[in-house]
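Breakdown of the fold
The primary structure of each chain is shown beneath.
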Amino acid sequence: LYTYFQGNPKWPTSTQELKYALIATSASTIDVATLRDVFARAFSRWAAVIPMNFTETTSTVDADITIGFYNGSHGDGEPFDGPLGTLAHAFSPTDGRFHLDASETWIASGDVTKSSSNVAVDLESVAVHEIGHLLGLGHSTVEDAIMYPTLTVRTRKVDLAQDDVSGVQNLY
Ligand code: TQI
Ligand code: CA
Ligand code: ZN
Ligand code: ZN
């Protein structure tokens, strides 16, 4: 079963559009056009099931959600730890910060299961999970769910399970 954060924080139901901005991508080995594409696809999986649209903005001040790649300590008291371990983290509504560990071997296109690197992590899979957190979902006990708290390296898991859909639809 799905869970929410303490106090069930969520974006106001009056919000029909959330704007996101890629604010720190220079630490990423993936080009910005590809990043844009991956995040747009990840957001669209959630937008398909709730009355909320996600649009990219290049203006940091307009953005509800900010996405950035960082190495080690990056100012929020939750330092990244180098390859593997913590891959990314996102804060609960309505904080909107979504940080990715720049030291991971991110795979943004192609088939992560065929990667020659045995530490490759599928960016879209992690993005779909972290967007769940940004929307207010905690972890699920259902193994197939995007919000299940385990992701094996070199796997791709991007399709919402019924449990994820029910969780987010009961919130929005
Ligand atoms: N990052 C953890 C996660 O996103 C950070 C975290 C732990 C967290 N507890 C939390 C974030 C509670 C919000 C609320 O779960 S991670 C997975 C998964 C991570 C883990 O790097 O360990 C995915 C990132 F689910 F597979 F374990 C992405 Cl998909
Ligand atoms: Ca890490
Ligand atoms: Zn952070
Ligand atoms: Zn999580």
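Residues numbered from 1 in each chain as written. Chains lettered and ligands numbered in written order. Predicted model: local features only at pLDDT ≥ 70, side-chain atom pairs only at ≥ 80, totals over all residues. Heavy atoms only, no water.

**Focus on helix H3 (residues 162–171)**
If you check which residues of H3 are buried, you get Asp-163, Asp-164, Val-165, Gly-167, Val-168 and Leu-171. Looking at the packing, one finds that the buried side of H3 touches helix H1 (32–47) and helix H2 (123–135). (Buried < 20%, exposed > 50% of the residue type's maximum accessible area, 1.4 Å probe, protein only. Helix = DSSP H or I, 4+ residues; strand = E, 2+ residues; numbered from the N terminus. Contact = heavy atoms within 4.5 Å.)

**A short note on the coordination of the zinc ion (ligand 3)**
Of the protein atoms, only His-74 (NE2), Asp-76 (OD), His-89 (NE2) and His-99 (ND1) coordinate the zinc ion (ligand 3), at distances of 1.9 to 2.1 Å. Around the zinc ion (ligand 3) sit four donor atoms, and with donor-metal-donor angles ranging over 94 to 117° the site reads as tetrahedral. Residue class for His-99 comes out buried when judged on its relative accessible area of 6%. (Donors = N, O, S within 2.8 Å, 3.2 Å for Na, K, Ca; no water. Tetrahedral: all angles 85-135°; square planar, octahedral: opposite > 155°, others 65-115°.)

**Observations concerning the coordination of the calcium ion (ligand 2)**
Coordination sphere of the calcium ion (ligand 2), protein contribution only: Asp-81 (OD), Gly-82 (O), Leu-84 (O), Thr-86 (O), Asp-101 (OD) and Glu-104 (OE), at 2.2 to 2.4 Å. What the six donor atoms of the calcium ion (ligand 2) show is an angle range of 84 to 178° at the metal, which sorts the shape as octahedral. Residue Gly-82 is classed as buried on the basis of its relative accessible area, which comes to 19%.

None of this, on its own, says anything about what the molecule does.
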